[in-house]
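Descriptive structure summary
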Amino acid sequence: KARLLRGRMAVHQRVCKYAVKQCPFASFGCEMFDLNEEEVQTHSQICRFRLTQCSHCAAEVSMAAYNSHVNNFCMEVLETCSACARKVPRRELEGHESSCDAMQIPCTKCKLNVARGEMATHLEEHCSRRVVACAECGEKTTYDMISNHLKRCKGKIAIKEEDEGEQEEVEA
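Residues numbered from 1 in each chain as written. Predicted model: local features only at pLDDT ≥ 70, side-chain atom pairs only at ≥ 80, totals over all residues. Heavy atoms only, no water.

Considerations on the overall build of the protein
Heads up, the condition is: Runs of H or I in DSSP of at least four residues are treated as helices and runs of E of at least two as strands, each being numbered from the N terminus. When checking whether two residues touch, look at their non-hydrogen atoms; a contact exists if any pair is within 4.5 Å. Note that accessible areas follow from Shrake-Rupley with a 1.4 Å probe, and for residues the cover is restricted to the protein chains shown.
Within the protein one finds six helices and ten strands. For the protein, long-range pairs separated by at least 24 residues make up 2% of all intrachain contacts whose partners lie at least 6 apart in sequence. Summed over all atoms, the accessible surface of the protein reaches about 13000 Å², with 49% contributed by carbon and sulfur.

Next up, the structure:
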C-alpha cells in the first residue's frame with residue numbers, strides 16, 4: 001500500500017481509478033453515485049440526464065428534458081399557422097397570426113368572421129351592415145334594411161296628373 005503525503009489525498013482521489021465517483025450529470029438530476037472510473041464511463045453513455053443538442057435551436061439539454069424542451073420551450077420549433085397552414089418558428093407564430101391574411105376575424109360592423117385579407121372587399125361589397133343608397137329616393141340605409149325601406153319608398157313616386165297639372169305622392 002502506498003502511503004500518501006498529507007494534502008495529496010484530494011489529488012489522488014481525482015485520478016485514482018478505484019475512487020468512488022458520481023455521475024457527471026448529477027447536476028442535471030442523475031442520482032447515480034458510488035461508481036468507479038470504468039462504471040462512470042459506461043454509465044455516461046446511457047445516462048438519461050446526459051446532454052444532447054436540440055436539433056432546432058442547438059441548445060444543450062439533458063435527454064430527460066429534451067421532449068419537454070422541444071414541445072414547450074424551444075422557440076425555433078416550426079409551428080403551423082391555424083389559418084393558412086404555413087410553418088413558422090414558434091417565436092414568430094404570434095406575430096404571423098396577428099397579420100395573417102387567412103386568419104378569420106370578426107367584421108367590425110356585422111360581426112361575421114371574415115378572412116383578414118378579404119375584409120376590405122367584405123365591407124364594401126358583402127357586409128349586411130354596409131351603407132347603401134336607395135335607388136328610388138337616394139336615402140341612405142344599411143344593406144340589411146334596404147328591403148324594409150323599399151317597401152315604404154317604392155310607389156311614393158311623384159306623378160303629374162294630367163288634369164290638374166300638379167304633382168302629388170300616391171301609394172302604389
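We are not done yet, so read on.
Some remarks on helix α2 (residues 37–46)
At 3.6 residues per turn, the α-helix brings residues three or four places apart onto the same side. Here is the rule: Exposure is judged per residue with a 1.4 Å probe applied to protein chains only, and the accessible area is read against the type maximum: over 50% gives exposed, under 20% gives buried, and values in between give partly exposed. When we speak of the arc, we mean the arc of directions from the helix axis to the C-beta atoms.
Looking at α2, one finds that the buried residues are Val40, His43 and Ser44. One face of α2 carries all of its buried residues, which in axial projection span an arc of 105°. With respect to the buried face of α2, the exposed residues turned more than 90 degrees away are Glu38, Thr42, Gln45 and Ile46.

A few points about the packing of aromatic side chains
Inclusion rule: Classification of ring pairs uses Phe, Tyr and Trp, with its six-membered ring standing for Trp, and accepts pairs whose centres are within 6.5 Å; under 30 degrees between planes counts as stacked, over 60 as edge-to-face, and the remaining range as tilted. Only when the NZ of Lys or the CZ of Arg is both within 6 Å of the ring centre and within 35 degrees of the ring normal is a charge said to sit over the ring.
Under the criterion given, the structure shown has zero aromatic pairs. For the cation-ring pair, Arg130 lies above Tyr143, with the distance from its terminal atom to the ring centre recorded as 4.0 Å.

Concerning the nonpolar core
Heads up, the rule is: What makes a nonpolar core is a set of buried Ala, Val, Leu, Ile, Met, Phe, Trp, Tyr and Cys residues whose side-chain atoms join them at distances within 4.5 Å.
Ranked by size, the top nonpolar core spans five residues in total: Cys23, Phe25, Cys30, Cys47 and Phe49. Dropping the residues within four chain positions of it, Phe49 is found in contact with Phe25, Phe28, Gly29, Cys30, Ser62, Met63 and Ala64.

Examining the pattern of salt bridges
Our working definition: Put simply, a salt bridge is a Lys or Arg side-chain nitrogen that is within 4 Å of an Asp or Glu carboxyl oxygen.
By the definition in use, this model includes four salt bridges. A salt bridge links Glu92 to Arg91; the nearest nitrogen and oxygen atoms lie 2.6 Å apart. A single network of salt bridges, built from pairs that share partners, joins Glu76, Arg91 and Glu92.

What about the side chain of Ser62?
For Ser62, the location among the structural elements is in strand β2 (residues 60–62). Among all residues touching Ser62, those that are not within four sequence positions of it are Phe28, Arg48, Phe49, Arg50 and Leu51.

As for unusual backbone geometry
Positive phi outside glycine occurs at Ala85, with the angle close to 70°. Position of Ala85 among the secondary structure elements: in the loop between β3 (78–80) and β4 (87–89). Its identity is not glycine, yet Lys111 carries a phi of approximately 70°, on the positive side. Within the fold, Lys111 resides in the loop between β5 (104–106) and β6 (113–115).

Observations concerning the environment of Gln22
Among the secondary structure elements, Gln22 is positioned in the loop between α1 (9–15) and α2. Linking Gln22 and Asp34, residues twelve residues apart in sequence, is a C-alpha distance of 5.9 Å. With residues near it in sequence (within four places) discarded, Gln22 still touches Met32, Phe33 and Val40.

What to know about the state of the cysteines
Heads up, the rule is: Pairs of cysteine sulfur atoms within 2.5 Å are what we label disulfides.
In total, this model carries zero disulfides according to the counting rule given. Cys127 takes part in no disulfide bond, and the closest cysteine sulfur, belonging to Cys110, lies 3.8 Å away.

So, the side chain of His43
Along the polypeptide, His43 turns up in helix α2. In contact with His43, not counting residues within four places along its chain, are Cys23, Cys30, Met32 and Leu35.

So, the environment of Ser147
Looking at the element boundaries, Ser147 is found in helix α6 (residues 146–153). For Ser147, a relative accessible area of 42% puts it in the partly exposed group. Between the C-alpha atoms of Ser147 and Cys134, which are 13 residues apart in sequence, the distance is 9.7 Å.

Read these as layout, nothing more, since geometry by itself doesn't imply function.
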